[in-house]
Amino acid sequence: MAEILRAPKGLDGVAVADTTIAKSDTDGTLIYRGYAIKDLFEKSTFEESTYLILYGRLPTKGELEEFEAKLRRYSMVPHNVYDIVRAIPNEAHQMDVLRTAVSGLGATEGGISSEEQELSIIAQMPALVANCYRLNQGMEPAEPDASLSLCANYLYMLTGKKPSSFEAWTFERMLILYLEHDLNASAFTVRVVASTLADIYSACTAGLAALKGPLHGGANEAAMQMLLKIGSAGNARSYVQETLAKREKIMGFGHRIYKTVDPRSQLAKKLLKELLEKQGKGLESYKLCEAVENAVWEFKRLPSNVDFYAAPIFMTLGIPIETFTPIFASSRTVGWVAHYNEQLMDNRIYRPDAIYIGNKGLNYVPLDER
Ligand SMILES: CC(C)(COP(=O)(O)OP(=O)(O)OC[C@H]1O[C@@H](n2cnc3c(N)ncnc32)[C@H](O)[C@@H]1OP(=O)(O)O)[C@@H](O)C(=O)NCCC(=O)NCCS
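These figures come from a predicted structure and were not determined experimentally.

Definitions and cut-offs
Residues numbered from 1 in each chain as written. Predicted model: local features only at pLDDT ≥ 70, side-chain atom pairs only at ≥ 80, totals over all residues. Heavy atoms only, no water. Buried < 20%, exposed > 50% of the residue type's maximum accessible area, 1.4 Å probe, protein only. Helix = DSSP H or I, 4+ residues; strand = E, 2+ residues; numbered from the N terminus. Pairing = 2+ DSSP bridges. Near = heavy atom within 4 Å. Polar contact = N/O pair within 3.5 Å; in protein donor to acceptor, adjacent residues only side chain to side chain. Areas by Shrake-Rupley, 256 points an atom, 1.4 Å probe, with all protein chains shown as cover. Nonpolar A, V, L, I, M, F, W, Y, C, P; charged D, E, K, R; others polar. Axes fitted to C-alpha atoms, helices over the stretch in contact; angles between N-to-C directions. Parallel < 35°, antiparallel > 145°, perpendicular 65-115°, else oblique. Contact = heavy atoms within 4.5 Å. Core = buried A, V, L, I, M, F, W, Y, C linked by side-chain atoms within 4.5 Å. Salt bridge = Lys/Arg side-chain N within 4 Å of Asp/Glu carboxyl O.

Asker: Could you give an account of the pairing of strand β1 (residues 22-25), with specific residues and numbers?
Answerer: Going residue by residue along β1, you find Ala-22 and Ser-24 tucked away on one face and Lys-23 and Asp-25 left uncovered on the opposite face. Across 4 bridges, the pairing between β1 and strand β2 (residues 29-32) is antiparallel. Across the sheet, Asp-25 pairs through a bridge with Thr-29, a residue of β2.

Right, here's the structure in full:
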């Protein structure tokens with residue numbers, strides 16, 4: 001029998017695949033298909049970065065227009081998916097609802113090619129996220145406004161209010177930051193499902209399940225709850241000190257790869273300040289975040305991650321907290337689709353081993369003798 005290699009806990013430092021999609025690095029950099037996240041954040045659109053991640057290169061003007069038209073064409077959610085959502089109790093977590101809806105979509109959409117399936121999931125995610133929440137609140141699904149861009153429309157469906165161009169631009173920046181992040185827990189989950197040759201709906205449903213957890217995508221919602229609890233900058237230091245003393249986690253901090261800086265967090269931090277200044281509502285929430293950030297660095301030397309600053313940005317945009325993690329998921333679906341396809345290009349089923357440390361040789365005792 002071949003010798004078994006024991007991987008470190010959490011597969012820390014273990015490469016299990018080759019990828020050309022994205023790379024996060026310990027030096028605090030992130031690239032999508034070779035392009036620095038800062039450049040895409042400052043100059044790109046959601047649709048253009050989505051194209052880049054899916055097809056590996058920036059589109060020409062004509063290709064981008066055609067791609068945008070395709071996304072619009074596939075954006076209508078089949079109504080029987082909403083019937084499934086209506087049957088879910090109102091108390092359900094929005095990630096549970098979204099996961100069920102995407103699974104329902106897989107059982108509903110038939111007779112389309114795998115490329116159409118992939119574009120349809122990506123294109124329907126904004127309406128699914130907004131309308132799962134609306135149905136849960138007893139409202140009817142929102143009708144998209146054809147005069148708005150994809151991201152402006154998404155924000156409009158989430159808040160019920162037509163966003164200013166700066167608000168829509170801000171929201172789009174966050175969606176770009178969330179698009180992809182190499183082999184994180186949900187992308188790995190998607191690749192494991194892909195490796196069995198299951199369909200894209202199954203893989204994305206599994207990705208959603210992995211992303212729900214507070215150690216992964218659930219952190220933006222948890223960070224917001226924490227910021228609301230801390231309340232103001234003056235309380236930050238003692239909150240952080242006490243929480244760490246109890247050996248509890250500070251949500252929105254720490255990362256497997258980034259040990260000094262998460263580039264997405266720093267871009268989002270600047271964006272939060274700009275948004276607050278534009279809105280003229282004062283910098284209280286920015287100061288609170290910065291005080292928490294300074295205290296976590298002082299006591300634990302952990303950097304904030306993207307979820308920490310995403311939370312107050314979404315809050316300032318008037319987005320319901322329950323949809324923060326679903327929004328992350330809607331954008332990350334793009335990365336999942338790219339990983340799904342990359343896995344299939346050079347596939348071997350994922351089937352690791354485990355070192356058995358349980359009992360052996362026990363004698364079976366019939367039920368009435370136990
Ligand atoms: C992201 C996360 C899961 C990475 O886990 P990981 O790679 O296993 O973490 P590390 O090995 O770097 O942790 C190093 C140390 O920092 C601690 N730590 C990590 N994140 C922490 C946090 N957010 N709050 C408090 N302590 C934390 C660990 O407990 C460990 O402490 P120890 O050395 O005293 O045992 C982890 O940082 C975390 O739980 N963060 C909070 C959730 C979150 O924001 N997730 C979103 C990620 S984008």
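Let's pick the thread back up.
Asker: Quick rundown of the site of the ligand? Include the residues and the values.
Answerer: Close contacts around the ligand come from 20 residues, with Lys-249, Ile-250, Phe-253, Arg-256 and Lys-259 the closest. For the ligand, an oxygen atom lies 3.4 Å from a polar atom in the side chain of Arg-247. The contact in question runs from an oxygen atom of the ligand to an N or O atom on the side chain of Arg-256, over 2.7 Å. For the ligand, the protein covers 69% of the area, taking 870 Å² as the surface of the free molecule. The residue inventory of the shell around the ligand, partitioned by class, reads 8 nonpolar, 5 polar and 7 charged.

Asker: Could you give an account of unusual backbone geometry, with specific residues and numbers?
Answerer: The backbone of Arg-33 sits at a positive phi, close to 50 degrees, despite the residue not being glycine. Among the structural elements, Arg-33 can be located in the loop between β2 and β3 (35-36). For Arg-33, a relative accessible area of 18% corresponds to the buried category. Unlike most non-glycine residues, Asp-182 shows phi in positive territory, near 35 degrees. As for its placement among the helices and strands, Asp-182 is situated in the loop between α8 (165-177) and α9 (185-195).

Asker: Run through the packing of helix α6 (residues 114-136) against helix α16 (residues 324-345), naming residues and quoting values.
Answerer: Axis separation between α6 and α16 bottoms out at 9 Å; the angle between their running directions is 175 degrees. Between α6 and α16, the angle falls in the class roughly antiparallel. Of the residues in α16, those touching α6 at Glu-118, Ile-121, Ile-122, Met-125 and Val-129 are Pro-326, Ile-327, Ser-330, Thr-333, Val-334, Val-337, Tyr-340 and Asn-341. Broken down by class, the residue content of the contact of α6 with α16 amounts to 9 nonpolar, 3 polar and 1 charged.

Asker: Requested: an account of the nonpolar core, with residues and values cited.
Answerer: Ranked by size, the top nonpolar core spans 104 residues in total, and within it Phe-171 and Val-292 carry the most contacts. The element best represented in this core is α6, accounting for 11 residues.

Asker: So what about the pattern of salt bridges? Which residues, and what values?
Answerer: Counted by the stated rule, this structure contains 17 salt bridges. For Glu-115, the salt bridge is made with Lys-70, and the minimal N-O distance between the two is 3.9 Å. Placement of Glu-115 in helix α6 and of Lys-70 in helix α3 (residues 61-73) is noted, with a sequence separation of 45 residues between them. Taking the relative accessible area as the measure of exposure, Lys-70 reaches 22% and is therefore partly exposed. Glu-140 is the salt-bridge partner of Arg-86, the closest N and O atoms lying 3.1 Å from each other. Taken together, the residues Arg-86 in helix α4 (residues 79-86) and Glu-140 in the loop between α6 and α7 (150-159) connect sequence positions 54 residues apart. Take Arg-86: its relative accessible area is 40%, and that puts it in the partly exposed class. With a relative accessible area of 52%, Glu-140 lands in the exposed category. Through salt bridges that share partners, Asp-83, Arg-86 and Glu-140 make up one connected network.

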